[in-house]
Amino acid sequence: MGAFAIILPCVLMLFSSLFFLPVLHSFSPLCKLRKQFNLNGMHMEGDVVLGGLFEVHYSSVFPELSFTSEPNQPRCQGFDILGFRQAYTMAFAINEINKNSDLLPNVTLGYSLYDNCATLGIAFRASLSLASGQEEQIVLDETCVGSNPVLGIVGDSYSTFTIATSDVIGLFQLPIVSYFATCPCLSDRKRFPSFFRTIPSDTFQVRAMIQILNHFSWTWVGLLVSDDDYGLHAARSFQSDLAQSGQGCLAYTEILPWGNDPTELRRIVNLIKTSTARVVIVFAHETHMIPLMEEVVRQNVTGRQWMASEAWTASTVLHTPHLMPYLAGTLGIAIRRGEMPGLREFLLQISPDPNYNNSYGNSIVKQFWEYTFQCTFAPAPAGWVEAEGALCTGHEDLESAGTELLDMSELRPEYNVYKAVYALAYALDDMLRCVPGTGPFSGHSCASIQRMEPWQLVHYLQKVNFTTSFGDIVSFNENGDVLPIYDIMNWQWLPDGKTKVHGVGEVKRSHSKGEELTIDENKIFWNFENKEPPRSVCSESCPPGTRMARKKGEPECCFDCVPCSDGEIANETGWCSCSIFLRHMLKMHGNNSLVSLDSMECTSCPEDYWSNARHDRCVPKKTEFLSFHEPLGMCLTTASLLGTFLCAVVLGIFIHHRSTPMVRANNSELSFLLLVSLKLCFLCSLLFIGRPRLWTCQLRHAGFGIIFVLCVSCILVKTMVVLAVFKASKPGGGAVLKWFGAMQQRGTVLVLTSVQAAICTAWLVTSSPTPHKNTLYHNDKIVYECVVGSTVGFAVLLGYIGLLAILSFLLAFLARNLPDNFNEAKLITFSMLIFCAVWVAFVPAYVNSPGKYADAVEVFAILASSFGLLVALFGPKSYIILLRPERNTKKAIMGRGATKS
């Protein structure tokens, strides 16, 4: 574009000096061109003439500009059969329109077609000749008005040429309809207000390429572009759209040099060879591809999947035996193929015109004839006849020549030319059918065939809408672009060594469905040993259980796979830059575009779940509580039931021997109540085993508190009774016993227990214990436990039990030296010592035991204290009752005391 900025002013100066600065003779209405360009072309007169610009030659040779003599005209070389067929397709379309009585009736279209020789300077000469005409002298009438040399131009083939031509010709609002220029920049209506095209913009071609990459999960590709507007704009669009889509990354982007630059080509091909990207996309023309592929052959770069832009997808010049081992399997975007009935017959009618007016330039028909039949028309150049060169007669048989011109299987650019001519014809037809007084121009006027202006045709061209005989709808949007549609082609290398460019799908955009990609993979030839699509990724997909970690300084497709942390998972595979993908995945229009994803970040499992060993799935966390089914729970349950059983046995013994002195001594009723409370103590420990529920949480602490207070109250009252009896045995102490009768004992126990019941009730009402799922102890486990709710309530409950226990211990300790006939105080002292020791040790053990072990500690404390009380208080008595019945007499009990005294 920088070179173009320099060329354009020069061209404008050339345009003004050569064409619009006529030499006016004094008092003579004569306009004379300073210079005529010697151009290759063909022409046909008509009421309205359409211009055309085509590449009929591959290149040109410019003379040396010494300026010591008049410079010669540039000379074209390398005849292009396909370019000639495109030019003649325009002639065919005009001939077809002239025969159609429904389209442009009473109007004959003519044409003036020029060869741009694949050279910008010649393309300029041709476009200026179309705009101004080639008549050497023009006689002006009195009004200085007349028709334009051409009313519209079909062309050019190169984006760069079209941009330059449109910048100049567009100044005069002359409509240009290109059949091959795809640069997105040409959609700029402010810069190119009269430009239209029948080929999709590269913007759509780039998106089509990205959809194909996504379809095959190719995320790591190389990009080669030509050093012109076509390639550079395509590169910018590709890089931008690929980044926005989040569907891949570019391993490299290289610009192919013009001409033969061995050093640069060697460097580029070496980069292709060493890169890990196995897919190479090329936006360039066949003139760039030929030297590139020659270098690929020299370096023997195989194992690459080539993707071709529409500029070289259908190029047969690359279908050579020494290139196909490398290019076979190429996937390409191709212009929509069309069918034009009658074109082949029309081409067969080509014959050189012996009366051709050479003032218009060289006849491309004669040049085609000479190229096809390897002859020359008279007068022959010097030495031709002597070298036994053939002279053309003009009557050679074209059909037997075996020329590529007659191959109607791949009419792609030709179909676009055909649509471009018809678009101009339909616009002209609409303009000429205008009814005076209803026209779109000032004063509701219409254009007339005598005084038509190019800008008037632009108005109608913008609104044109028709359907071709092939069934395609042609209309232009506000930017002059048509509804895009491309064929997807595959270069198939046949067993006989021939190459077939075969259609394997299409990509198109419609008003109703948006962009659609259709590919039949079964039809694709893959040039790899396994005959399957290659993998082209920078980093292999992260396996489940890992996440992507971007490599510093490298594209986002290149990453390491880092295992997820505990409690996190990543169960998706494939590739994507998720931060981008999450914003753009909904733009990819369905089908296979939504590939699976690598995880940019691992996902944390929900609260009740944890990652499995592979970190690819969240599984329910293990639950932990003191269960009846585990060994610890079984042991504690067995101990609880054993204690209950022993209490029941002792109670049965005491009931059976209730009339004996040993049982009746010191209030047998309290002994029975104490045994029942101990039995309940053993049973209440079972509430701490099993999965916590709301009712078990509430009952376990409340039941434990009340039952233990009942037990300790009985012991306290028994201790007080022992002291009272001893005191009553002394002189004057009898009055004390009236405060310790059976009713008073039962009342005391009831009152003391009621206080604990009130504490528990207040605790349960205000802040009740509840079940809780604790995940703080273990990340991968849920510990089910009962939270006490109110710590104060729980502390008061334990404190009250402790108070009664300490009081019982102190009273029993004071009574430990009473006479032997009242020696139950020693048993109470020993039992309360065990009780207090157990519960003093319980507090730190409970606080430092996590989860189910806290419950186990509490159960152990309950069982240990209960067993301590049972054994210490009732063990000796049961021993006497069962094994020493001779001591279970009043005499023995009283005598023992007398003996000692």
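Residues numbered from 1 in each chain as written. Predicted model: local features only at pLDDT ≥ 70, side-chain atom pairs only at ≥ 80, totals over all residues. Heavy atoms only, no water.

Q: Just to check I follow, could you spell out the nonpolar core for this structure?
A: One recurring pattern in soluble globular proteins is that nonpolar side chains are buried together. Core analysis: the biggest nonpolar cluster contains 105 residues, and Phe84, Phe238, Ile281, Phe283 and Ile350 have the highest contact counts within it. Per-element accounting of this core gives the leading share, 12 residues, to helix H12 (residues 413-432). Counting residues in hydrophobic clusters, the runner-up holds 65 residues, among them Ala702, Cys760, Met832 and Val859. (Core = buried A, V, L, I, M, F, W, Y, C linked by side-chain atoms within 4.5 Å. Buried < 20%, exposed > 50% of the residue type's maximum accessible area, 1.4 Å probe, protein only. Helix = DSSP H or I, 4+ residues; strand = E, 2+ residues; numbered from the N terminus.)

Q: Please clarify how the packing of aromatic side chains should be interpreted in this entry.
A: The relative placement of two aromatic rings is captured by the distance of their centres and the angle of their planes. All chains considered together, the criterion is met by 37 aromatic pairs. Arranged with centres 5.6 Å apart and planes meeting at 80°, the rings of Trp312 and Trp491 form a pair that is edge-to-face. A residue pair is termed long-range when its members are at least 10 positions apart, and Trp312 in the loop between strand E14 (305-308) and helix H9 (324-327) and Trp491 in strand E21 (residues 485-493) qualify at 179 residues. The pair Trp312 / Trp491 is uniform in exposure class, with both members buried. (Phe/Tyr/Trp six-rings, centres within 6.5 Å; stacked < 30°, edge-to-face > 60°.)

Q: Got a minute to help me understand the pattern of salt bridges in this structure?
A: Proximity of charged atoms lets side chains of opposite charge pair with each other. Counted by the stated rule, this structure contains 27 salt bridges. Between Glu254 and Arg267 there is a salt bridge whose closest N-O contact spans 2.5 Å. Of the two residues, Glu254 sits in strand E12 (residues 249-256) while Arg267 sits in helix H7 (residues 262-274), which places them 13 residues apart along the sequence. Note on Arg267: relative accessible area 39%, which makes it partly exposed. We note a salt bridge from Lys852 to Glu630, for which the minimum N-O separation is 2.7 Å. (Salt bridge = Lys/Arg side-chain N within 4 Å of Asp/Glu carboxyl O.)

Q: Help me understand helix H17 (residues 668-684), please; the structure alone is not making it clear to me.
A: An ideal rise of 1.5 Å per residue puts 24 Å on 17 residues; H17 measures up with 24 Å between its terminal C-alpha atoms. Of the residues making up H17, those classed as buried are Ser668, Leu670, Ser671, Leu674, Leu675, Ser677, Leu678, Cys681, Phe682 and Cys684. (Expected span 1.5 Å × (residues − 1).)

Q: How should the sheet that holds strand E32 (residues 781-787) be read in this particular structure?
A: Hydrogen bonds along the backbone pair up the strands of a sheet, which may run parallel or antiparallel. In spatial order, the strands read E30-E32-E31; together these three strands make up an open sheet with mixed pairing. In this open sheet, the two strands that pair with only one neighbour each are strand E30 (622-624) and strand E31 (770-774). Strand-to-strand twist of the sheet, defined as the mean angle between neighbouring strand axes without regard to direction, takes the value 30°. Bridge count between E30 and E32: three bridges; the pairing is parallel. Each residue of the ladder has a partner; that of Lys622, found in E32, is Lys781. (Pairing = 2+ DSSP bridges. Axes fitted to C-alpha atoms, helices over the stretch in contact; angles between N-to-C directions.)

Q: It is not clear to me how the pairing of strand E15 (residues 331-335) should be interpreted in this structure. Could you clarify?
A: The side chains of a regular strand alternate between the sheet's two faces. E15 sits mainly inside the fold: five of its five residues count as buried. Alternating residues of E15 divide into Leu331, Ile333 and Ile335 and Gly332 and Ala334, and every residue in both groups is buried. As paired strands, E14 and E15 are joined by two bridges and run parallel to one another. Counted as the bridge partner of Met307 is Leu331 from E15. Here five bridges tie E15 to E21, and the two strands are oriented antiparallel to one another. When the bridges of E21 are listed, Ile335 appears paired with Tyr486.

Q: I keep staring at the sheet that holds strand E13 (residues 279-283) and nothing clicks. Help me out?
A: Strands sit in the order E12-E11-E13-E14-E15-E21-E22-E23 across an open sheet of eight strands; the sheet is mixed. Across the chains shown, the open sheet's two edge strands, defined by having one partner strand only, are E12 and strand E23 (514-519). Strand after strand, the sheet turns through a mean of 25° between neighbouring axes, direction not considered. In this fold helix H5 (residues 202-215) packs onto strand E11 (220-226), E13, E14, E15, E21, strand E22 (499-510) and E23, with an angle of close to 50° to the strand it touches most, E23. The sheet contacts of helix H6 (residues 229-245) involve E11, E12 and E13, and relative to E11 the element is tilted by about 155°. (Contact = heavy atoms within 4.5 Å.)

Q: Explain a nonpolar patch on the surface here, please?
A: A cluster of nonpolar side chains, Leu641, Val676, Leu680 and Leu683, forms an exposed patch at the surface whose accessible area comes to about 290 Å². Ranked by residues supplied to the nonpolar patch, first place goes to H17 with three residues. Note on placement: Leu680 falls in helix H17. (Patch = residues over 30% accessible without salt bridge, like charges linked within 9 Å, V, L, I, M, F, W, Y side chains within 5 Å. Areas by Shrake-Rupley, 256 points an atom, 1.4 Å probe, with all protein chains shown as cover.)

Q: Which parts of the structure should I look at to understand the environment of Val269?
A: Among the structural elements, Val269 can be located in helix H7. Setting aside residues no more than four positions away along its own chain, Val269 makes contact with Leu292, Glu295, Val296, Gln299 and Val301.

Q: Where do I start with the packing of H12 against helix H13 (residues 454-462) in this structure?
A: When two helices pack together, their arrangement is captured by the angle between the axes and the distance separating the axes. It is the contact of H12 with H13, at a shortest axis distance of 8 Å, that shows an interaxial angle of 105°. Relative to H13, the element H12 lies roughly perpendicular. Only Gln456, Leu457, Tyr460 and Leu461 of H13 make contact with H12, whose side of the interface consists of Ala423, Leu424, Ala427, Leu428, Asp430 and Met431. Its residues assigned to classes, the contact of H12 with H13 shows eight nonpolar, one polar and one charged. (Parallel < 35°, antiparallel > 145°, perpendicular 65-115°, else oblique. Nonpolar A, V, L, I, M, F, W, Y, C, P; charged D, E, K, R; others polar.)

Q: What exactly am I supposed to notice about H6 here?
A: Since there are 3.6 residues in each turn of an α-helix, residues three or four apart along the chain are aligned in direction. Between its terminal C-alpha atoms H6 stretches 24 Å, which fits the 24 Å expected from 17 residues at 1.5 Å a residue. Of all the residues in H6, the buried ones are Asp229, Tyr230, Gly231, His233, Ala234, Ala235, Ser237, Phe238, Asp241, Leu242 and Ser245.

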